[in-house]
Amino acid sequence: PKTATPLYKDVAPEVYMGYTLAAEPLELVLPELKHLAYLHWEELQQPGELNPKYEEYIEQENAGNYCLFTLRKKSLLVGYLGIYLFENRHTQILSAQEEGFYICKEHRKGLLAVRFIHFVECIAMQKSVKEFYVSVKNTSPGAAKVFEFTGFTPIGTEFIKVLKS
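Residues numbered from 1 in each chain as written. Predicted model: local features only at pLDDT ≥ 70, side-chain atom pairs only at ≥ 80, totals over all residues. Heavy atoms only, no water.

Undergrad: What is the right way to read helix H1 (residues 26-44) from this model?
TA: What sets the pattern is the α-helix's 3.6 residues per turn: residues three or four places apart point alike. In a regular helix each residue adds 1.5 Å, so 19 residues correspond to 27 Å; H1 covers only 22 Å between its end C-alpha atoms and thus falls short of that length. Leu26, Val29, Leu30, Leu33, Leu36, Ala37, His40 and Leu44 are the residues of H1 that are buried. On its buried face, H1 sits against helix H2 (54-62), strand S3 (66-73), strand S4 (76-87) and strand S5 (94-103). (Helix = DSSP H or I, 4+ residues; strand = E, 2+ residues; numbered from the N terminus. Expected span 1.5 Å × (residues − 1). Buried < 20%, exposed > 50% of the residue type's maximum accessible area, 1.4 Å probe, protein only. Contact = heavy atoms within 4.5 Å.)

This is how it looks when you write it as structure tokens:
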């Protein structure tokens, strides 16, 4: 259902309240993204050490299956939202799965997060996506409120158990 063209190629940036919303090649954003990903991981208080396989993200991006959306204030990266495209195995509907959503604390004001999510949704719809899944951690209740405000519906609860031998 996907193409081999990276999704960011035909996404026009948008300016909202002095912020630039865009889709950018992961390789070009990586040094900045690593810092934000670390801040995000710390804030979520997740078990284990953050150790992404960025090369796999880049491979998926080049195959047209992953896209990193960015939020910048002037030229500074202050937020991101990554999505994977996949065909839902139950319904065969083209779907998007959020893979990381973060906005630096000092930029979480007004309707910026809502506008950023809407921007990503519009691009997803242009790519014929019919379903958009997000995962919100219990340590991030503000994100849950933002997604519900933008029309997302809670459909379940995720669990994790860290297995120790």
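Back to the text.
Undergrad: Is there a simple way to explain the pairing of S4 in this structure?
TA: Side chains on a regular strand alternate between the two faces of the sheet. Where S3 lies against S4, eight bridges are found, and the strand directions are antiparallel. Looking across to S4, one finds that Arg72 is bridged to Leu77. The turn joining S3 and S4, which pair antiparallel and follow one another in sequence, is formed by two residues; a positive phi near 60° is taken by Lys74. In the sheet, S4 pairs with S5 via eight bridges, with the strands oriented antiparallel. Following the sheet pairing, Leu85 is matched in S5 by Ala96. Adjacent in sequence and paired antiparallel, S4 and S5 are bridged by six residues, among which Gln92 carries a positive phi angle near 60°. (Pairing = 2+ DSSP bridges.)

Undergrad: Hey, could you run me through the pattern of salt bridges in this one?
TA: Working definition: two side chains of opposite charge can pair if their charged atoms are close together. By the definition in use, this model includes six salt bridges. Between Glu24 and Arg72 there is a salt bridge whose closest N-O contact spans 2.8 Å. Note that Glu24 is positioned in the loop between strand S2 (19-23) and H1 and Arg72 in strand S3, a separation of 48 residues in sequence. When its relative accessible area of 18% is taken as the criterion, Glu24 is described as buried. Exposure remark for Arg72: the relative accessible area of 11% places this residue in the buried category. Ionic pairing is found between Glu56 and Lys53, a salt bridge with its closest N-O pair at 3.7 Å. Overall, the relative accessible area of 40% leaves Glu56 in the partly exposed class. (Salt bridge = Lys/Arg side-chain N within 4 Å of Asp/Glu carboxyl O.)

Undergrad: Help me understand the packing of aromatic side chains in this model?
TA: The relative placement of two aromatic rings is captured by the distance of their centres and the angle of their planes. Scanning the model with the defined rule gives eleven aromatic pairs in all. For the ring pair Tyr57 and Tyr66, a centre distance of 5.1 Å and an interplane angle of 75° mean the geometry is edge-to-face. Here Tyr57 matches Tyr66 in class, with each residue buried. Relative to Phe147, the ring of Phe101 lies with its centre 5.2 Å away and its plane at 65°, an arrangement referred to as edge-to-face. Taken together, the residues Phe101 in strand S5 and Phe147 in helix H4 (residues 141-149) connect sequence positions 46 residues apart. Summarising the burial analysis for this pair, Phe101 and Phe147 share the class buried. (Phe/Tyr/Trp six-rings, centres within 6.5 Å; stacked < 30°, edge-to-face > 60°.)

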